[in-house]
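These are the residues of each chain, in order.
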Amino acid sequence: MASYSTNEFRGGLKVLLDGDPCIILENELVKPGKGQAFSRVRLRNLMSNRVWDRTFKSGESLEAADVMDQDMEYLYTDGEFWHFMLTDGSFEQYPADAKAVGDTLKWLKEQDVYTVTLYNGAPLSITPPNFVELEVVETDPGMKGDTAQGGSKPATLSTGAVVSVPLFITIGEVLKVDTRSGEYMNRVKSS
Amino acid sequence: MKSQPDWQPTATWAALKSRAQQASFVRDFFARRNVLEVETPVLGRCGVTEPNLDGVSAQISARGVEGGWLQTSPEYHMKRMLAAGAGAIYQISKVFRNGERGRRHNPEFSMLEWYRPGFDDAALMSEVSDLVCGWLNCPRPQTTSYRQAMIAWAGIDPFDITEKDLRQRCRQWLEPEQLEDLSRDGCLDLLMSFAVEPNLGTETPVFINQYPASQASLARISQVGGFDVAHRFELHINGLELCNGYWELTDVEEQRARFEADNLMRKAAGKPEMNADEAFLAALEYGLPDCAGVALGLDRLLMLKIGTRDIADVLAFPLERA
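Residues numbered from 1 in each chain as written. Chains lettered and ligands numbered in written order. Predicted model: local features only at pLDDT ≥ 70, side-chain atom pairs only at ≥ 80, totals over all residues.

J.: Which residues make up the overall build of chain A, and what values go with them?
T.: Check the secondary structure of chain A and you find one helix and 16 strands. Taken against the 2.2 N^0.38 rule, which gives 16 Å for 191 residues, the C-alpha radius of gyration of chain A at 22 Å runs more than 25% over that of a compact globule. Its C-alpha atoms give chain A principal-axis dimensions of about 75 × 40 × 25 Å. Of the contacts made within chain A by residues no fewer than 6 positions apart, 46% connect residues no fewer than 24 positions apart. (Helix = DSSP H or I, 4+ residues; strand = E, 2+ residues; numbered from the N terminus. Rg over C-alpha atoms; globule rule 2.2 N^0.38 Å. Contact = placed C-beta atoms within 7 Å.)

Structure representation (structure tokens):
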């Protein structure tokens, strides 16, 4: 496996540290004019999501982590695994476990496309698109004509996610939701 | 859609104007003091032996000269001028240091370097203060010895701490296996960078002087308080190292020995050995007048002037956009 030396460190690089795949968030060179150079590196452990600060001597290297992002369509779950399929025409399927799916579970809709991060060929994490469109399956009755600011109520979406929506939203409507904040954006005209 | 390369300057026009004003200020400062502006090669036949400086190699091929190096500092060429009788000289030049890119570093940067025959380190520190405080309107620097600074901020005495205790102190930043092949000076550099430097010059600019003899580089050495110390100084403002000056070594045999010691350290660190610059040694042999010299980073001086922590804010095009 390839490795990267401190001179190659930069944001976005995926490396192995203490046996775990990590992504470099920041790399700062610290060096007295005539003295030994060090790299102060901030990394996020892709397994635990924890952020680590580490110091390296100039010239030290880290093994590259076999981590890559692929677009995949969500197919179905068998209760133990969630199955995804490459969208590149290969129809290759990958089962993701509950740990990999994590919080993305509440945004998973069949036939939608997700970013699947593979580590050594197996799903490590699933990232939803920034916006998803989901149907409301449960909410208090809508109040027709009330489009004024101020009021909101909870609505349960087809995936189980609960978002705060304006009072006029009714069951069966399709909503656009920002998955990063979990916020309601707008109604989507049904096709 | 194909993404466009980042083509615009990273610095604001105000910063780039300030850069031009800074150059005028510097030229005026030295003109008033009868210090002559000179130019020396940016592309030289030789690099440097300094164990912690890596040059950028060139591929010149002309009149039998092959290879070459972009200079890490104009020091050797300027000292050859001094030996040839130049008198007081200064230069604003581009210098190159491979691998150095960060918020305070760009591999290509602007250096102000000057030499004062007849000055010692104390006299030159005073002139550095005139220049820097004149431009930044800051209070004149205090002076703290390397030893005092290390005791105050790193909690160790750099001259008599044992290897074992020094390594133990470094465990705050490095794992034992990382410390195995780090030299004593490497450990001290770690403490200087991580424990000491961030605290230097935060209220008043501060000169650090009296470095351990092992970090003398091209400075002469003498005994102070029972320890061998180098006549070397650095100015720190707001946690930023701004310059590095020496009461210059003029002894050719000592210089040759230091080049050889440098190469031993390079070899130990797995770096290529560098040929000693024989033209520079010949000039020392002929006779370098007693002088003090200093190199000051102009990009960092400008960072302090406009109040930024990122060198990209004072460069039109840092490496990634160059």
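Read on, since the account is not over.
J.: Explain the nonpolar core residue by residue, including any values.
T.: Grouped together as the largest cluster of nonpolar side chains are 85 residues, with contacts concentrated most on V128(B), L191(B) and V196(B). If one sorts the elements of this core by residue count, helix 7 (residues 184-196) of chain B sits on top with seven residues. Among all residues touching V128(B), those that are not within four sequence positions of it are L235(B), C243(B), G245(B) and V294(B). Ranked by size, the runner-up nonpolar core spans 21 residues in total, among them W82(A), V101(A), Y114(A) and A155(A). (Core = buried A, V, L, I, M, F, W, Y, C linked by C-beta atoms within 7 Å. Buried ≥ 20, exposed ≤ 12 C-beta atoms within 10 Å, placed from the backbone.)

J.: Explain the environment of L36(B) to me, using residue names and the numbers behind them.
T.: Residue and element names in this part refer to chain B. With respect to the secondary-structure elements, L36 resides in strand 1 (residues 36-37). Here the alpha-carbon distance between L36 and V95, two residues 59 residues apart in the chain, equals 20 Å. Filtering out sequence-adjacent residues up to four positions away, L36 remains in contact with A86, G87, A88 and I89.

J.: Got a sec to walk through the sheet that holds strand 2 (residues 14-17) of chain A? Specific residues and values, please.
T.: Residue and element names in this part refer to chain A. Reading across the sheet, the four strands line up as 2-3-4-5 and stay open at both edges, with antiparallel pairing between neighbours. Each having just a single partner strand, strand 2 and strand 5 (51-57) make up the two edges of the open sheet. With direction set aside, neighbouring strand axes in the sheet form an average angle of 45°. Examined bridge by bridge, strand 4 (residues 38-45) and strand 5 share seven bridges and lie antiparallel to one another. Within strand 5, the residue paired with V41 across the bridge is R54. (Pairing = 2+ DSSP bridges. Axes fitted to C-alpha atoms, helices over the stretch in contact; angles between N-to-C directions.)

J.: Got a sec to walk through the domain arrangement of chain A? Specific residues and values, please.
T.: What the domain assignment lists for chain A is domain 1 (3-63), domain 2 (67-127) and domain 3 (131-188). Placing a centre on the C-alpha atoms of domain 1 of chain A and another on those of domain 3 of chain A gives a separation of 43 Å. (Domains from an automatic or database assignment.)

J.: How would you summarise the packing of helix 2 (residues 75-83) of chain B against helix 9 (residues 278-287) of chain B if you had to cite specific residues and measurements?
T.: All names here are of chain B. Orientation of helix 2 relative to helix 9, taken along the N-to-C sense of each, is 30°, at an axis distance of 9 Å. As judged from the angle between their axes, helix 2 and helix 9 are roughly parallel. The way helix 2 lies across helix 9 gives a crossing that is left-handed. Facing Y76, K79, R80 and A83 of helix 2, the residues of helix 9 in contact are A279, F280, A283, L284, Y286 and G287. (Parallel < 35°, antiparallel > 145°, perpendicular 65-115°, else oblique. Left-handed = near helix turned anticlockwise from the far one by under 90°.)

J.: I'd like to hear about the interface of chain B and chain A, residue by residue, with values.
T.: Often the size quoted for an interface is simply the accessible area lost on bringing the parts together. Of the residues lining the interface, 21 residues belong to chain B; the matching set on chain A comes to 15 residues. Elements with a contribution of two residues or more to the side of chain B that touches chain A: helix 7 and strand 11 (240-247) of chain B. Top contributing element to the side of chain B that touches chain A by residue count: helix 7 of chain B, with six residues. Residues of the side of chain B that touches chain A, tallied by class, amount to six nonpolar, nine polar and six charged. (Nonpolar A, V, L, I, M, F, W, Y, C, P; charged D, E, K, R; others polar.)

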